[in-house]
Amino acid sequence: MIVLKRKPLSELFTPKKILLALTLFLLVFPKGGIKLGGIPLTWGYLLLVGLSVILLMQKQFQIQTSRLQALLLLLPFQLIAAMTILINGVEGVGFTFSLFLSFFFFPSLFFLLLSPALEKMDLTYFSSLIKKGVFFVSVYGIFLFFFKLTTGKLIEIPFLTINFHDIGEIEGKCNNRGAIFKLISTYNNGNIFGICILIFLSFYSYVETARWRRYIVRLALFLTFSRTVWVGLIFSEMASEYFVKQSKRLFFFKIIAIPLSIITLIVGAAFIAGFDYHFFLDSTLGGRITQLQTIPSFSFLSDRPFNDVLEIVYLGILEHFGLLGLIAYLAAMLGPLFLIFAHHKTISPMRGSLLCGLLTYLFVSASDGALLFIPVLAFYWFCASLALRYKI
């Protein structure tokens, strides 16, 4: 007689297995999935929805004080966004759905439902996943960059490296720099790849001991040929010197030396690649100059139907939610940072590395924050919640 024993769900879905799956489909293959009515349904986001359903079945919830405060700081923007959309309507269903996920679903998941799990999470195991994941997408991105450069073709793996309904459309996703095609890795867009990796860069650099691996990741960021990513890299390096390496005595020397050295490498390599000074002194700000028209015409509350948030995130928020909405947005996004300092007199290097990622994202948002694109804000709110962990 053969007896088949069914493993309990607690063994099939252990915290480590869940964390591995989320890393695989959010960090490594964030775009794999399908589209339903023009709305991307990625495996990573579907996993998060499924996880939230399971967590909602719990009889009781535990939430750390600092995370509850972070949720409360989000509330004003949530109310303004909801009321604005109800009154003014929407023009883009896909981005409206993304707005809901970014500012209602993800914060509730990471600050409330996952609060106990994040407190108990094995940081050593998590660090190993981040090291492997960030390094993999960087190496794959470099390979794909030179493959495209030499063959003129891209490798697309439906349902994994690309959404099934986006097959053949990567060429049109603002990745072409003329003679150079941006490094896109599995993110399908150079800017989105760069922004996401910048959020984790300081943490990755802290936990990764091999210097050559850290250089590979930075090379991948350079090959995005995104001026936003390049400036974000400089900012991240300076922030890491202060909050992670905590080299305060040499900080003012390094705050000059680090940008100069990186800028020299970037300018030299860019000229070799065929770009001239016009690339760095673009009077149109990469096509964003028209977004500045929002400044003189803003109102206290917006009367425009919601469509999308522009590359310059702060102007996009101002346009669609008014000045009051921008103030509420800043309170929501800066809230976790203030709470980190309020609840922790000393900032450990690991907490400091997560703080650097949050600061870097808020910095690059003045140029291109890719606010409503997968998986940017999922990473932001996760890192914000992890940074608020009691012991780290």
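Our structure's up above, just so we're on the same page.
So, here's what we can say about the structure. From a predicted model like this one, the values you see are computed outputs, not experimental measurements. (Residues numbered from 1 in each chain as written. Predicted model: local features only at pLDDT ≥ 70, side-chain atom pairs only at ≥ 80, totals over all residues. Heavy atoms only, no water.)

Evaluated as defined, the whole model comprises 34 aromatic pairs. Taking 5.6 Å as the distance between ring centres and 75° as the angle between the ring planes, the aromatic pair formed by Tyr 187 and Phe 193 counts as edge-to-face. Comparing Tyr 187 with Phe 193 shows no difference in burial state: the two are buried. In this structure an aromatic cluster arises from ring pairing among Phe 77, Phe 103, Phe 111, Phe 306, Tyr 314, Phe 321, Tyr 329, Tyr 361, Tyr 380 and Trp 381. Of note, Lys 148 hangs over the ring of Phe 181, and the distance from its end group to the ring centre comes to 5.0 Å. For the cation-ring pair, Arg 213 lies above Phe 135, with the distance from its terminal atom to the ring centre recorded as 4.5 Å. (Phe/Tyr/Trp six-rings, centres within 6.5 Å; stacked < 30°, edge-to-face > 60°. Buried < 20%, exposed > 50% of the residue type's maximum accessible area, 1.4 Å probe, protein only. Lys NZ or Arg CZ within 6 Å of the ring centre and 35° of its normal.)

Moving on: the side chain of Gln 64. Locating Gln 64 in the fold gives a position in the loop between helix H3 (43-56) and helix H4 (65-88). Not counting residues within four places of it along the chain, the set of residues in contact with Gln 64 comprises Ser 115, Glu 119, Leu 388, Arg 389 and Tyr 390. (Helix = DSSP H or I, 4+ residues; strand = E, 2+ residues; numbered from the N terminus. Contact = heavy atoms within 4.5 Å.)

On to the pairing of strand E1 (residues 33-36). Where E1 lies against strand E2 (residues 39-42), four bridges are found, and the strand directions are antiparallel. The residue of E2 that forms the bridge with Leu 36 is Ile 39. Adjacent in sequence and paired antiparallel, E1 and E2 are bridged by two residues, among which Gly 37 carries a positive phi angle near 65°. (Pairing = 2+ DSSP bridges.)

Next up on the list: empty space enclosed by the protein. Counted according to the given criterion, the structure contains three cavities of 30 Å³ or more. Volume-wise, the largest cavity comes out at about 40 Å³. As for the largest cavity, its lining consists of Tyr 45, Ser 98, Leu 101, Ser 102, Phe 106, Leu 371, Leu 372, Phe 373, Ile 374, Leu 377 and Ala 378. Elements with a contribution of two residues or more to the lining of the largest cavity: helix H5 (93-113) and helix H15 (376-387). Ranked by residues supplied to the lining of the largest cavity, first place goes to H5 with four residues. (1 Å grid on protein atoms, 1.4 Å probe; cavity = no way out; pocket = protein on both sides within 12 Å on 5 of 7 lines; lining within 4 Å. Points joined across faces, edges and corners; volume = space filled by probe spheres on them.)

Right, let's get into the packing of helix H2 (residues 15-28) against helix H7 (residues 123-151). Across the interface, H2 lies against H7 with an axial gap of 10 Å and an inter-helix angle of 25°. Relative to H7, the element H2 is oriented roughly parallel. The way H2 lies across H7 gives a crossing that is right-handed. Of the residues in H7, those touching H2 at Lys 16, Leu 19, Leu 20, Thr 23, Leu 27 and Val 28 are Tyr 125, Phe 126, Leu 129, Ile 130, Gly 133, Val 134, Phe 136 and Val 137. (Axes fitted to C-alpha atoms, helices over the stretch in contact; angles between N-to-C directions. Parallel < 35°, antiparallel > 145°, perpendicular 65-115°, else oblique. Left-handed = near helix turned anticlockwise from the far one by under 90°.)

Further remarks concern the packing of helix H8 (residues 190-207) against helix H9 (residues 211-222). Helix packing for two helices is described by the angle between their axes and how far apart those axes are. One way to put it is that H8 packs onto H9 with a least axis distance of 10 Å and a crossing angle of 160°. The angle between H8 and H9 places the two elements in the roughly antiparallel class. Two packed elements cross with a definite hand, and for H8 against H9 that hand is left-handed. The residues of H9 that touch H8, namely those facing Phe 193, Gly 194, Ile 197, Leu 198, Leu 201, Tyr 204 and Ser 205, are Arg 213, Arg 214, Val 217, Arg 218, Ala 220 and Leu 221.

If you check H4, its first and last C-alpha atoms are 35 Å apart, about what 24 residues at 1.5 Å a residue would give, namely 34 Å. Where H4 bends most, the angle comes to about 30°, and this point is Leu 75, followed within four residues by the proline Pro 76. Considered for burial, the residues of H4 that qualify are Ser 66, Arg 67, Ala 70, Leu 71, Leu 74, Phe 77, Gln 78, Ile 80, Ala 81, Thr 84 and Ile 85. On its buried face, H4 sits against H5, helix H6 (115-120), helix H13 (313-343) and H15. One or two steps after H4, the chain reaches Gly 89, where phi turns positive at roughly 85°. (Expected span 1.5 Å × (residues − 1). Bend = angle between axes of the 7 residues up to and from the residue.)

Taken as a whole, the second largest pocket spans an internal volume of roughly 870 Å³. Elements with a contribution of two residues or more to the lining of the second largest pocket: H2, H3, H5, H6, H7 and H15. Ranked by residues supplied to the lining of the second largest pocket, first place goes to H2 with eight residues. Here the residues of the lining of the second largest pocket are counted per class, giving 26 nonpolar, five polar and three charged. (Nonpolar A, V, L, I, M, F, W, Y, C, P; charged D, E, K, R; others polar.)

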